[in-house]
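Structural overview for review
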Amino acid sequence: AVVSTQSTGSYKENEQLQEQCLAKQKAIEDSTTESLRLVQETLNTGAATAAELDKQGRQIDNIHNNLVEINQSVKKSEHHVRGIKSIFGALWNKATGPPKEQPQIPKVQPMPAPSTSSAAGRGSRDVKSGPLYTQEKHRLDTDRTHDNLQQIGMGVQSLREMAQNMGDELDRQNNRLRDVNAEADKANLGVNKLTKDMNKIIAKS
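Keep in mind it's a predicted model, so treat the numbers as computed, not measured.

1. Topic: the overall build of the protein chain
Broken down by element type, the protein chain carries two helices and zero strands. Counting the 205 residues in the protein chain, one finds 19% classified as buried. Accessible surface, the protein chain: about 15,400 Å² in total, of which carbon and sulfur atoms supply 56%.

2. A word on the confidence of the model for the protein chain
Per-chain confidence: the protein chain averages 77 in pLDDT, with 68% of residues scoring 70 or above. pLDDT under 50 marks residues 113–133. Its contacts with residues more than four places away, or in other chains, come to 24 contacts.

3. Quick word on the pattern of salt bridges
One pass over the full model with this rule turns up nine salt bridges. A salt bridge links arginine 37 to glutamate 41, with the nearest nitrogen and oxygen atoms 2.4 Å apart. Separated by four residues within a single helix, arginine 37 and glutamate 41 lie in helix 1 (residues 2–93), roughly one turn from each other. Its relative accessible area of 27% is what places arginine 37 among the partly exposed residues. Classification of glutamate 41 as partly exposed rests on a relative accessible area of 40%. When the shortest N-O distance is used, the salt bridge between arginine 172 and aspartate 61 registers 3.3 Å. Overlapping salt bridges bring together Asp61, Glu169, Arg172 and Arg176 as one network.

4. A closer look at the side chain of glutamate 183
As for its position among the elements, glutamate 183 is in helix 2 (residues 135–204). Although buried, glutamate 183 forms no salt bridge, and the nearest oppositely charged side chain, lysine 186, lies 4.9 Å from it. One polar contact links glutamate 183 to asparagine 71, side chain to side chain, over a distance of 2.5 Å. Those residues within four positions of glutamate 183 in sequence are excluded, and the remaining contacts are His64, Leu67, Val68 and Asn71.

What counts as what
- Residues numbered from 1 in each chain as written.
- Predicted model: local features only at pLDDT ≥ 70, side-chain atom pairs only at ≥ 80, totals over all residues.
- Heavy atoms only, no water.
- Helix = DSSP H or I, 4+ residues; strand = E, 2+ residues; numbered from the N terminus.
- Buried < 20%, exposed > 50% of the residue type's maximum accessible area, 1.4 Å probe, protein only.
- Areas by Shrake-Rupley, 256 points an atom, 1.4 Å probe, with all protein chains shown as cover.
- pLDDT = per-residue confidence, 0-100.
- Contact = heavy atoms within 4.5 Å.
- Salt bridge = Lys/Arg side-chain N within 4 Å of Asp/Glu carboxyl O.
- Lys, Arg positive; Asp, Glu negative; His and termini not counted.
- Polar contact = N/O pair within 3.5 Å; in protein donor to acceptor, adjacent residues only side chain to side chain.

Right, dumping it as structure tokens:
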């Protein structure tokens, strides 16, 4: 009877230890599952942010390209204005001479305006009834935790690469914005000069 009582007590103690071990293991698995869910949510948010950043970059590029086209148009217009000024100058110098046949003034085609159009976590599991403390269950729980940790590691690596790529894109956009400012200043100066020259020609005509 004494041996039987000792065996029963030892069995219950071992059973309690197994319960505690499995409870801790379940808590670890739940924690890694929640961490994995958070990593996946962060990846989704990062992907959406990267898409918006790419869209913003294309818009900045379009603005820059349009400003380049405007400056090219201003240069061509300046060339035409210089031609007009030379013709008016020649006419002015000959204004006091004998009347002659008026020179044919070439028509200046207006420059077309440049286009400014811009271009999940694992669900809860129902623990089946039956023997609870088996090596197989311990192995399965361990495998699930290991799988979660692997996926978390891959997710963190993806987040690191995503952050690096977005940082590089922000640097590129900052440089492009500086180019946009320079082109805008250049266009502003060119248009102002062109306007003054045209006003002088109109005043003399």
